Amino acid sequence: MGQTATVIIDFWEDSIDALHGIIHNELLNQKEKKIYILSTHFHPDHFNPDILTWKQTHPDLVYILSKDILRHKRATVKDGFFLKKGDTFDDGILTVKAYGSTDSGDSFHIQLEGMSFFHAGDLNNWHWIDESTPQEAKKAEGDYLAELGYIKNDITNVDVTMAVQEGARFLEKPQGGKGILMGGVPGVKPAKVLVLGAGHVGFASALIAAGMGADVTITDINLPLLRSIQNVLPQNVHTLYSTEHSIRKELPTTDMVVGSVLIPGDKAPHLITRDMLKLMQKGSVLVDVAIDQGGCFETSHPTTHSEPAYVIDGIVHYAVANIPGAVAYTSTLALTNATMPYAIALADKGWKEACKGDDALLKGLNVVEGKVTFKAVADLYKKSFVDPKTLL
Ligand SMILES: NC(=O)c1ccc[n+]([C@@H]2O[C@H](COP(=O)([O-])OP(=O)(O)OC[C@H]3O[C@@H](n4cnc5c(N)ncnc54)[C@H](O)[C@@H]3O)[C@@H](O)[C@H]2O)c1
């Protein structure tokens, strides 16, 4: 998955047969790349023991395996590095931190060349409608949310954590809101939260709102994305295809809307127009996270932390353009951790060499010597697009 390394996770079978396919014929034969083989636990659909025979023909392979594979005697200590929850592997190229699972073994947070991936293994909200009792389903969900809570606190993402937290604050009566508690109490229903856009911000916002006990609906226009997140979201999150009609139907019973849509290279679309505000109950809250792209509510305008919210037609609008600015110390450290490797590469090598060696930097080039090198920007401003690779 990177320029310098390939990571193969939870190999089960190849695309053609046991010895042929993308893994055997392509990925394992990339001489110029370091190859890491990861496995989250011993179940046969996540750990195929054949992976250990690959080192006979590819001696440089690095194996990073969950400790339960050792415990179940599927491998021996000399076969690789073994991780349990809380352990980290870091060789300067790849970092893998092991988190827990609600089944066997671990889940992995993987960092490579500035990219960050989470591979859940068998960490899931495991329950089956026909087989689990309500108590078992509740316990499964509790275990799952507890593990997500632990991961969320460790892998910080200040923007998304704060959007829902701030929205919940403005639902309080003294802040102009309806006076609603996100999780409700026994006998009183929880808040209803509508999340527009199921990308990075929207997905995490839905998880956080669900963790606070709200009744959450998350929308997107990307149906495959909705399908894939449906399986990993807790039971109090429902998915909904985003159309004007479906949003209008939700608004009368929604207490908080989180606007987190993005159309790359373009302004955010106005998914809630002024006339739609009258569908909502007074004191409901709109949190426009997409305000840095123009905002996805017609009545939004950028605010700051000194006066974060204002009211139009009885609806509280929160539209701070720099949400992480409220926790500047944590945000600065988090941002510096993520951006420093790029700054060092640019300073050491100059922009051309740095971009040659890093696809992420290359993707960041917008204009080079007067030529537009970012497709969406070129399309938006009706300029011709020039592939940045041709200018290096
Ligand atoms: N205000 C802040 O401090 C702050 C902080 C972080 C991110 N942001 C902004 O939040 C926005 C979302 O960021 P992200 O990283 O989650 O983006 P993302 O690309 O991961 O997700 C955006 C999602 O919106 C969906 N979408 C597009 N049109 C839609 C529509 N009509 N209805 C429903 N969904 C639609 C896309 O399919 C995509 O899944 C961006 O505008 C980003 O700049 C703001």
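Given the structure is predicted, the values throughout are model-derived calculations rather than measurements. Residue positions are given per chain, counting from 1 as you read along its sequence in written order. Confidence filtering applies because this is a predicted model: local features only for residues at pLDDT of at least 70, side-chain atom pairs given and counted only at 80 or more, and all residues used for totals across whole chains, interfaces and linings.

Student: For the overall build of the chain, give the residues involved together with the corresponding values.
Tutor: In this description a helix means any DSSP run of H or I spanning at least four residues, a strand means any run of E spanning at least two, and both kinds are numbered starting from the N terminus. When helices and strands are tallied, the chain shows ten helices and 17 strands. For the chain, whose C-alpha radius of gyration is 24 Å, the value lies close to the compact-globule estimate of 21 Å for 392 residues. Contact between two residues is assigned when their C-beta atoms, built from the backbone, lie within 7 Å. Pairs at least 24 residues apart make up 57% of the contacts formed inside the chain by residues separated by at least 6 positions. Just to be clear, the radius of gyration here is over C-alpha atoms, and the globule rule we use is 2.2 Å times residues to the power 0.38.

Student: Lay out the pairing of strand β14 (residues 309-312) in plain terms, naming residues and giving numbers.
Tutor: The rule for pairing is simple: two strands pair if DSSP sees at least two bridges between them. With four bridges connecting them, β14 and strand β15 (residues 315-318) associate as antiparallel partners. Of the residues in β15, the one forming a bridge with A309 is Y318. Connecting the antiparallel pair β14 and β15 is a turn made up of two residues, with D313 showing a positive phi of about 50°.

Student: So, the pairing of strand β2 (residues 34-39): which residues are in play, and what are the values?
Tutor: Across five bridges, the pairing between strand β1 (residues 5-9) and β2 is parallel. The residue bridging V7 from the neighbouring strand is Y36, located in β2.

Student: For the nonpolar core, give the residues involved together with the corresponding values.
Tutor: The tendency in soluble globular proteins is for nonpolar side chains to be buried side by side. One nonpolar core equals one set of buried Ala, Val, Leu, Ile, Met, Phe, Trp, Tyr and Cys residues connected by C-beta atoms within 7 Å. Once C-beta atoms are placed from the backbone, each residue is buried if 20 or more other C-beta atoms lie within 10 Å of its own, exposed if 12 or fewer, and partly exposed for counts between those two. Counting residues in hydrophobic clusters, the biggest one holds 54 residues, and the most contacted among them are V193, A206, A209, V216, V258, V287 and Y318. Counting only elements with at least two residues in this core, the list comes to α3 (134-154), α4 (158-170), β9 (192-196), α5 (200-211), β10 (215-220), β12 (256-259), β13 (285-288) and β15. It is α5 that provides the largest number of residues to this core, a total of eight residues. Every residue in contact with V258, bar those within four places of it in the chain, is listed here: A163, V164, G167, V193, V195, L196, G202, S205, V287 and V289. In this structure, F47, L83, F89 and F108 belong to the second largest nonpolar core, which totals 21 residues.

Student: Mind laying out the environment of V188, listing which residues take part and the relevant values?
Tutor: For V188, the position within the fold is in the loop between α4 and β9. Each C-alpha atom of the pair V188 and P252 lies 18 Å from the other, and the pair is 64 residues apart in sequence.

Student: How would you summarise the domain arrangement of the chain if you had to cite specific residues and measurements?
Tutor: What fixes the domain bounds is an automatic or database domain assignment. For the chain, the domain assignment lists domain 1 (5-119), domain 2 (125-154), domain 3 (156-321) and domain 4 (331-391). Polar here means any residue other than Ala, Val, Leu, Ile, Met, Phe, Trp, Tyr, Cys and Pro, which are nonpolar, and Asp, Glu, Lys and Arg, which are charged; Gly is therefore polar. Considering only residue class, the side of domain 2 that touches domain 3 consists of three nonpolar, two polar and one charged.

Student: Describe the environment of L28, naming the residues involved and giving the relevant values.
Tutor: If you trace the backbone, L28 turns up in the loop between α1 (22-26) and β2. The partly exposed category is assigned to L28, around which 17 C-beta atoms lie within 10 Å. In the structure, L28 is positioned 30 residues away from H58 in sequence and 7.6 Å away in space, judged by C-alpha atoms.

Student: With reference to specific residues and values, describe unusual backbone geometry.
Tutor: The phi torsion at D313 lies on the positive side, around 50°, for a residue other than glycine. Here D313 shows up in the loop between β14 and β15. In this structure, K382 takes a positive phi of about 50° despite not being glycine. Considering the arrangement of structural elements, one finds K382 in the segment after α10 (375-380).

Student: Before we move on, can you summarise the sheet that holds β14 with the specific residues and values?
Tutor: Strands sit in the order β11-β10-β9-β12-β13-β15-β14 across an open sheet of seven strands; the sheet is mixed. The open sheet is flanked by β11 (237-241) and β14, the only strands paired with a single partner. Shown here is a sheet whose adjacent strand axes are inclined to one another by a mean of 20°, direction ignored. Throughout, an axis means a line fitted to C-alpha atoms (over the contacting stretch in the case of helices), and angles, computed between N-to-C directions, take values from 0 to 180 degrees. Packed on one face of the sheet, helix α6 (residues 223-230) meets β10 and β11 and runs near 170° to β11.

Student: Explain the sheet that holds strand β3 (residues 62-66) residue by residue, including any values.
Tutor: Here we have four strands laid out as an open sheet, ordered β1-β2-β3-β4, and parallel in their pairing. Taken across any chain shown, the strands that pair with only one partner, and hence form the sheet edges, are β1 and β4 (81-83). Strand-to-strand twist of the sheet, defined as the mean angle between neighbouring strand axes without regard to direction, takes the value 20°.

Student: Which residues make up helix α8 (residues 328-356), and what are the values?
Tutor: Over its 29 residues, α8 runs only 33 Å from end to end, short of the ideal 42 Å by more than 12%, given 1.5 Å per residue. Residue G350 marks the point of greatest curvature in α8, where the axis turns by about 120°. Sparse coverage of α8 is indicated by the burial of one of its 29 residues. Here the expected length of a helix is defined as 1.5 Å per residue gap, with one fewer gap than residues. Fitting one axis to the seven residues ending at a residue and another to the seven starting there, the bend at that residue is the angle between the two axes.

Student: Report on the environment of W351, specifying residues and quantitative values.
Tutor: One can find W351 in helix α8. Along the primary structure W351 and S331 are separated by 20 residues, whereas in three dimensions their C-alpha atoms are 26 Å apart.

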